[in-house]
Amino acid sequence: MNPAEDYILSKPEPWRSMLIELQAIIKHTIPEVEEQFKWHLPFYSLHGKMFCFLNFRKKFVDIGFTWGIHIDIHKDHLIAGEKRKNLRSLRYYTKEDIDVVVLQDILKAASTLRTRY
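These figures come from a predicted structure and were not determined experimentally.

1. Examining the environment of N2
Line of reasoning, step 1. Mapped onto the elements, N2 comes out in the segment before helix 1 (3–9).
Line of reasoning, step 2. Between the C-alpha atoms of N2 and Q36, which are 34 residues apart in sequence, the distance is 8.4 Å.
Line of reasoning, step 3. For N2, the side chain forms a polar contact with the main-chain nitrogen of A4, separated by 2.9 Å.

Structure (structure tokens):
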């Protein structure tokens, strides 16, 4: 097992299931992503550049997009906060909060950004 998977599997339920689902959606939607473990988090790189990451934060799960400020769809779902300059994230408090269509749209939009930034 790799450190990113260890991170995900070490989290308590229901967060573990949510992280596993998000991991699967990322890999299914953008099959060319490379899963890594950086800054104690599962990171996903695309064409050698940071793309997105998963983060468990006690009360929610975050999927962060390193250049999320430039994503121009579903902006009402993307969260800035925490003094984030370029980063935007999708935040999930329950498994039911995960809107697969919105997530896939944002993943696809973010994947096109990686060629520009």
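2. Re unusual backbone geometry
With the exception of glycine, most residues fall at negative phi, and the peptide bonds are largely trans.
Line of reasoning, step 1. Residue P14 follows E13 across a cis peptide bond; omega there is 5°.
Line of reasoning, step 2. Among the structural elements, P14 can be located in the loop between helix 1 and helix 2 (15–29).
Line of reasoning, step 3. Phi is positive for W39, which is not a glycine, with a value near 50°.
Line of reasoning, step 4. Look at H40: it is not a glycine, yet its phi comes out positive at around 65°.

3. Examining the pattern of salt bridges
Line of reasoning, step 1. Taken as a whole and judged by the stated rule, the model has four salt bridges.
Line of reasoning, step 2. The residue E21 makes a salt bridge to K95 at a minimum N-O spacing of 3.8 Å. Taken together, the residues span a long stretch of sequence, with E21 in helix 2 and K95 in the loop between strand 5 (88–92) and helix 3 (100–113) at a distance of 74 residues.
Line of reasoning, step 3. The class for K95 is partly exposed, based on a relative accessible area of 41%.

4. With respect to the packing of aromatic side chains
Line of reasoning, step 1. One pass over the full model with this rule turns up six aromatic pairs.
Line of reasoning, step 2. On the numbers, 6.2 Å between centres and 50° between planes, the contact of Y7 with F37 is tilted. Residue Y7 is found in helix 1, and its partner F37 is found in strand 1 (residues 34–38); the two are separated by 30 residues along the sequence.
Line of reasoning, step 3. Among the residues examined, Y7 registers a relative accessible area of 9% and is labelled buried.
Line of reasoning, step 4. With a relative accessible area of 33%, F37 lands in the partly exposed category.
Line of reasoning, step 5. One aromatic cluster in this structure is built from W39, F43 and F53.
Line of reasoning, step 6. K11 extends its terminal NZ or CZ atom over the ring of Y7, reaching a point 4.2 Å from the ring centre.

Definitions and limits used
- Residues numbered from 1 in each chain as written.
- Predicted model: local features only at pLDDT ≥ 70, side-chain atom pairs only at ≥ 80, totals over all residues.
- Heavy atoms only, no water.
- Helix = DSSP H or I, 4+ residues; strand = E, 2+ residues; numbered from the N terminus.
- Polar contact = N/O pair within 3.5 Å; in protein donor to acceptor, adjacent residues only side chain to side chain.
- Salt bridge = Lys/Arg side-chain N within 4 Å of Asp/Glu carboxyl O.
- Buried < 20%, exposed > 50% of the residue type's maximum accessible area, 1.4 Å probe, protein only.
- Phe/Tyr/Trp six-rings, centres within 6.5 Å; stacked < 30°, edge-to-face > 60°.
- Lys NZ or Arg CZ within 6 Å of the ring centre and 35° of its normal.

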